[in-house]
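# Summary of the model geometry
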Amino acid sequence: MTASRISADGGMETSYGFRQVDEQEKQGLVNEVFHKVAKRYDIMNDVMSAGLHRVWKDAMIAALNPRKDAGYKVLDVAGGTGDIAFRIVEASNRLAQATVLDINGSMLGVGAERAQKKGLSDNLTFVEANAESLPFEDNTFDAYTIAFGIRNVPRIDVALSEAFRVLKRGGRLLVLEFSEVDLPLLDRVYDAWSFNAIPKFGKMITGDAEPYQYLVESIRKFPNQADFARMVSAAGFSNVKFTNYTGGIAALHSGWKI
């Protein structure tokens, strides 16, 4: 049912779930998944996490503790629908400026529409670009956030190096991602839910189980907490730590550009 996880040495660039694909093919396959689920992305996250993603995201923003300062600049990557960026802006008393970057135009369209409805458009900029090649100058942002997106980036090491480059000195990286469950009973329950229930619910919601099958498999291929922490450190970040949520179903990784 599961396959071995990628180590800190890499391998996600040729992994499409449990399938091995050419490195040039990976990004297009992932893009198609998110074109399919963009309109129902929040529902997708509710299905994937049994609703807990909302709690984990709130914990991520609490850990970030964004400054209440109009000069505070955050880059939220793979955050097209705006879920994290909206929380950051609200936590800053609507003073922070957030740039939402996503490679998928469908996701960005959903986010821009939601921002307008929430009255947050003045605080947000939406940019269609690749996490592996950020269109920003060095030392631009106070914080870089990415929630449930890093495992879909083919070359994770390149994306982390880009994160380091665009952060200011003293800037912070926060990565929220599904990870490796560390409780014996919970891991069996979670596997049963993931492989049996999630694709079926996905098909009911979107008419297509395949995107959900990929997303479940990609979670099992992503490096575990310790290996991913080593990747963050290798990109140049200091004081790298992680916090497990709900027995390791998700983990928040933190690093600083010193």
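Rules of the game
Residues numbered from 1 in each chain as written. Predicted model: local features only at pLDDT ≥ 70, side-chain atom pairs only at ≥ 80, totals over all residues. Heavy atoms only, no water. Helix = DSSP H or I, 4+ residues; strand = E, 2+ residues; numbered from the N terminus. Buried < 20%, exposed > 50% of the residue type's maximum accessible area, 1.4 Å probe, protein only. Patch = residues over 30% accessible without salt bridge, like charges linked within 9 Å, V, L, I, M, F, W, Y side chains within 5 Å. Areas by Shrake-Rupley, 256 points an atom, 1.4 Å probe, with all protein chains shown as cover. Salt bridge = Lys/Arg side-chain N within 4 Å of Asp/Glu carboxyl O. Phe/Tyr/Trp six-rings, centres within 6.5 Å; stacked < 30°, edge-to-face > 60°. Lys NZ or Arg CZ within 6 Å of the ring centre and 35° of its normal. Pairing = 2+ DSSP bridges. Right-handed = clockwise from strand over helix to strand, strands pointing away. Core = buried A, V, L, I, M, F, W, Y, C linked by side-chain atoms within 4.5 Å. Contact = heavy atoms within 4.5 Å.

Let us look at unusual backbone geometry. Here the phi dihedral of Asn93 falls at roughly 60°; this positive angle occurs in a residue that is not glycine. Looking at the element boundaries, Asn93 is found in the loop between helix H4 (83–91) and strand E4 (97–102). Given the relative accessible area of 52%, Asn93 is considered exposed. One non-glycine residue, Phe148, lies in positive phi territory at about 55°. Mapped onto the elements of the fold, Phe148 is located in the loop between strand E6 (141–147) and helix H6 (156–166).

This part takes up a nonpolar patch on the surface. Among the surface-exposed residues, Trp193, Phe201 and Met204 lie close enough to one another that they form a single nonpolar patch of about 320 Å² accessible area. A residue is classified by how much of its surface remains accessible, and Met204, at 66% relative accessible area, is exposed.

Think of a pair of aromatic rings as described by two things: how far the centres are apart, and how the planes are tilted against each other in angle. Scanning the entire structure with this criterion turns up seven aromatic pairs. With 6.2 Å between their ring centres and 50° between their planes, Trp56 and Phe148 make a pair best called tilted. One end of the pair, Trp56, is in helix H3 (residues 53–64); the other, Phe148, is in the loop between E6 and H6, with 92 residues separating them in the sequence. Each member of the pair Trp56 and Phe148 is classed as buried. Ring centres of Phe136 and Phe141 lie 5.1 Å apart, and the angle between their planes is 85°; on these two criteria the pair is classed as edge-to-face. The burial state of Phe136 is the same as that of Phe141; both residues are buried. The ring of Phe164 carries the charged tip of Lys257 above its face, separated from the ring centre by 4.9 Å.

Summarising burial for E6: seven of the seven residues are buried, a large majority. Across four bridges, strand E3 (residues 73–77) lies against E6 in parallel orientation. Bridge pairing links Leu75 to Tyr144 in E6. Taken together, E6, H6 and strand E7 (residues 167–178) form a β-α-β motif whose crossover is right-handed.

Leu75, Tyr144, Leu173 and Phe228 are the most contacted members of the largest nonpolar core, which totals 30 residues. If you list the elements that add at least two residues to this core, you get E3, E6, H6, E7 and helix H9 (225–234). Counting residues per element, this core draws most heavily on H6, which supplies six residues. Once residues lying within four places of it in the same chain are set aside, the contact partners of Leu173 are Tyr144, Leu160, Ala163, Leu167, Val232, Phe237, His253, Ser254 and Gly255. Grouped together as the second largest cluster of nonpolar side chains are 22 residues, Met60, Tyr72, Ala96 and Ile249 included.

Purely geometric stuff here, so don't read any function into it on its own.
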